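# Descriptive analysis of the structure
Listed below are the residues making up each chain.
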Amino acid sequence: MPKISNKGKQMPESPIRKLVPYSEIAKKKGHKVYHLNIGQPDIKTPEVAMNAVKNINLTILEYSHSAGNESYRKKLASYYSNESIPVNIEDIIITTGGSEALMFAMGSTMDHGDEIIIPEPFYANYNGFSTASGVTVVPVISTIETGFALPAVEDFEKLITPKTKAILICNPGNPTGYLYSKEEIMKLAALVKKHDLFLIADEVYREFTYDGDIHYSVMNVPGLEEHAIMIDSVSKRYSMCGARIGCIVSKNKEVMATAMKFAQARLSPPTIEQIASEAALDTPQSYFDEVISEYRERRDTLIEELNKIEGVIVSKPKGAFYCIAQLPVENADAFAQWLLESYDLDGETVMVAPAAGFYSTSGMGLNQVRIAYVLKKEDLISAVRILKAAIPVFNAIHTLV
């Protein structure tokens, strides 16, 4: 029998999606499942984007330019300028989601066996993208005690080897919700310039900042033009996860010329979704004001409720719509599966994402979960009530085994 590749065997499962079969079983039992496991907003997609799709008048669904529609890239460059990010149309390549943008970034800057340093916990699919690219992830640990702040520069520096090609951050962070300050970004900028590395920043949650904190982009750092690569997406900004439109942005002409070859190899990004994404750029500020206000209230509700559970440790997120919670259980993976397989409270249960899958270091995050506060406040309260009731039951069973 033919064998699959070693690379395929090494591809990690998604900690966000691997429990889906258990969720489906729970639903077949008639249980309501509160999905805290995945960052799928329940916020409506802007009407301007939906109307653009409804009113499409095409006779041929053609390829677009490999870099994406020129009209979209022009409008996107204008959007970035309004965000004080000075880029031009030639600095942007439209991709099939932020995921493809990250693959293009890795493919353009790293060879097989090269290393990329990432503060952990990090978005789980970074492990998958790295494996697919033949790149080795070198984690630098941030801790729940500091709210997952940027580790000391010395911690990064001691990990740099001749094979190190880049540092990758997510800002604001998935899964932690941490927002890097301007000072932290400047420290990283100085570090990558000193060691001649790339700084890749996944900034797909840029708009989602709270309490007056300001997002500072790597594209804003003077003198970092040859080092900075920004990853972006419409998925969360406009609640358009299914559109699968993102982009890679850099002032480094060699990086963009190389990324363009990858873009040509996959022909072009989706046509209809680009039309919707271009229209979404006309979304009024009032939409974001309402969305940010809603997420801030959801965050505050979630953190308040989690703090009522004895033994839970959680830091208040500064951005995005996730948090990492440390639970008083020994194995969060087993707990998450047990919630779906064997537990309900009045016919309801909860789906969370075990946080160990967001670490690259073995043994880290075993008693942590990632929670996405993408549900309305009443559902968040109900979900945490279930967690509070379930933890002692799970621990009692676990102690007996």
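Residues numbered from 1 in each chain as written. Predicted model: local features only at pLDDT ≥ 70, side-chain atom pairs only at ≥ 80, totals over all residues. Heavy atoms only, no water.

## A look at the overall build of the chain
Quick reminder of the rule: Helix and strand assignments follow DSSP, with helices taken as H or I runs no shorter than four residues and strands as E runs no shorter than two, numbered in order from the N terminus. It is over C-alpha atoms that the radius of gyration is taken, and the globule rule equals 2.2 Å times the number of residues to the power 0.38. Three exposure classes are used, based on accessible area relative to the maximum for each residue type with a 1.4 Å probe and protein chains only: buried under 20%, partly exposed in between, and exposed over 50%. Contacts are assigned to residue pairs with any non-hydrogen atoms lying within 4.5 Å of each other. For accessible areas, the Shrake-Rupley method is used with a probe of radius 1.4 Å. Any residue's cover is judged against the shown protein chains and nothing else. In this tally, Lys and Arg are treated as positive and Asp and Glu as negative; His is ignored, and so are the chain termini. By convention, the point assigned to a charge is CZ for Arg, NZ for Lys, CD for Glu and CG for Asp.
A count of helices and strands for the chain gives 13 helices and 13 strands. Relative to the 2.2 N^0.38 estimate, which gives 21 Å for 401 residues, the radius of gyration of the chain is 21 Å and therefore close to what a compact globule would have. Overall, the C-alpha framework of the chain stretches about 60 × 60 × 55 Å when taken along its three principal axes. The burial tally for the chain puts 55% of its 401 residues in the buried class. Look at the contacts in the chain between residues 6 or more apart in sequence, and 76% of them connect residues 24 or more apart. If you sum the accessible surface of the chain, you get close to 17600 Å²; carbon and sulfur atoms cover 52% of it. Treating the 40 positive side-chain charges of the chain as one cloud and the 49 negative ones as another, the clouds have centres 3 Å apart.

## Observations concerning the domain arrangement of the chain
Note the cut-off: By convention here, the domain bounds are inherited from an automatic or database domain assignment. Accessible area, probed at 1.4 Å, shrinks when two parts are joined; the buried area is that loss added up over both. Take a side-chain nitrogen of Lys or Arg and a carboxyl oxygen of Asp or Glu: if they are within 4 Å of each other, that pair is a salt bridge. Distance and chemistry together define a polar contact, namely a pair of N or O atoms within 3.5 Å, with one atom able to donate a hydrogen and the other to accept it when in protein, and with adjacent residues in sequence counting only for side-chain atoms on both sides.
Domain annotation for the chain reports domain 1 (6–44 + 286–399) and domain 2 (48–281). On a C-alpha basis, the centres of domain 1 and domain 2 stand 26 Å from each other. The interface of domain 1 with domain 2 comprises 39 residues on the first partner and 35 residues on the second. Summing the contributions of domain 1 and of domain 2, the shared interface buries around 3200 Å²; its carbon and sulfur component is 62%. Between domain 1 and domain 2 we count one salt bridge in total. Here Asp-211 ties to Arg-299 by a salt bridge, and the two come within 2.8 Å at their closest N and O atoms. If you look at where domain 1 meets domain 2, you find 15 residue pairs in polar contact (both at pLDDT 80 or more). Only helix H1 (6–10), helix H11 (285–306), strand E9 (313–314), strand E10 (322–326) and strand E13 (368–372) provide two or more residues apiece to the side of domain 1 that touches domain 2.

## Here we look at the UniProt feature "domain: Aminotransferase class I/classII large" (unreviewed entry) in the chain
For the record, the criterion: UniProt positions are given in the numbering used here, feature names are shortened, and annotations may be inferred rather than shown by experiment.
Per the UniProt annotation, the sites labelled "domain: Aminotransferase class I/classII large" (unreviewed entry) are residues 33–343. Counting secondary structure, residues 33–343 comes out at 38% helix and 15% strand; the distance between its end C-alpha atoms is 11 Å.

## Digging into the nonpolar core
Using the following cut-off: What we call a nonpolar core is a set of buried Ala, Val, Leu, Ile, Met, Phe, Trp, Tyr and Cys residues that are connected through their side-chain atoms within 4.5 Å.
Core analysis: the largest hydrophobic core is formed by 136 residues, its most contacted members being Tyr-80, Ile-116, Ile-200, Ile-248, Leu-306, Phe-335 and Ile-371. Once residues within four sequence positions are removed from consideration, Tyr-80 is found in contact with Ile-85, Val-87, Ile-92, Arg-206, Met-230, Asp-232, Cys-247 and Val-249.

## Some details on the packing of aromatic side chains
Under the convention used in this document: Any two of the Phe, Tyr and Trp rings considered here, Trp counted by its six-membered ring, make a pair once their centres fall within 6.5 Å; the pair's planes then place it as stacked at under 30 degrees, edge-to-face at over 60, or tilted in between.
By the definition in use, this model includes 17 aromatic pairs. Both rings, one in Tyr-79 and one in Tyr-80, keep their centres 5.1 Å apart while their planes meet at 55°; by these two values the pair is tilted. You can call Tyr-79 buried: its relative accessible area is 11%. A ring pair is formed by Tyr-178 and Tyr-180, whose centres lie 5.4 Å apart and whose planes are at 70°; its orientation type is edge-to-face.

## Structural notes on unusual backbone geometry
Glycine aside, a negative phi is what most residues show, and trans is what most peptide bonds show. For the peptide bond that leads from Glu-120 to Pro-121, omega is 5°, which places it in the cis range. Position of Pro-121 relative to the elements: it lies in the loop between strand E3 (115–120) and helix H6 (125–133). Here the amide bond leading from Asn-171 into Pro-172 is cis, since omega sits at -5°, within 30 degrees of zero. Tracing the chain through its elements places Pro-172 in the loop between strand E5 (164–170) and helix H8 (182–195). We note that Arg-244 has phi near 55°; this positive angle belongs to a residue other than glycine.

## Here we look at the packing of helix H2 (residues 20–28) against helix H12 (residues 332–342)
Geometry of a packed helix pair, given as the angle between the helix axes and the separation of the axes. As a reminder, the rule being used: Comment: axis = line fitted to C-alpha atoms, over the contacting stretch for helices; angle = value between 0 and 180 degrees taken between N-to-C directions. Angular relationships are summarised with four words: roughly parallel below 35 degrees, roughly antiparallel beyond 145, roughly perpendicular across 65 to 115, and oblique for the angles in between. The handedness criterion is simple: a crossing whose near helix is rotated anticlockwise from the far helix by less than a right angle is left-handed, and one whose near helix is rotated clockwise is right-handed. Side-chain classes are defined by residue name, with Ala, Val, Leu, Ile, Met, Phe, Trp, Tyr, Cys and Pro counting as nonpolar, Asp, Glu, Lys and Arg as charged, and the others, Gly among them, as polar.
Look at H2 against H12: their axes get within 8 Å of each other, and the N-to-C directions meet at 25°. The angle between H2 and H12 falls in the class roughly parallel. Here H2 runs over H12; the crossing is left-handed. Between H2 and H12, the residues in contact are Tyr-22, Ser-23 and Ala-26 and Gln-337, Leu-340 and Glu-341, respectively. Class assignment of the residues belonging to the contact of H2 with H12 gives a composition of three nonpolar, two polar and one charged.

## A look at H11
The following threshold applies: Here, expected helix span is obtained from the residue count minus one, scaled by 1.5 Å.
With 22 residues, H11 extends 31 Å between its outermost C-alpha atoms, agreeing within 8% with the 32 Å of an ideal straight helix rising 1.5 Å per residue. All buried positions along H11 are accounted for by Tyr-287, Phe-288, Val-291, Ile-292, Tyr-295, Arg-298, Arg-299, Thr-301, Leu-302, Ile-303, Glu-305 and Leu-306.

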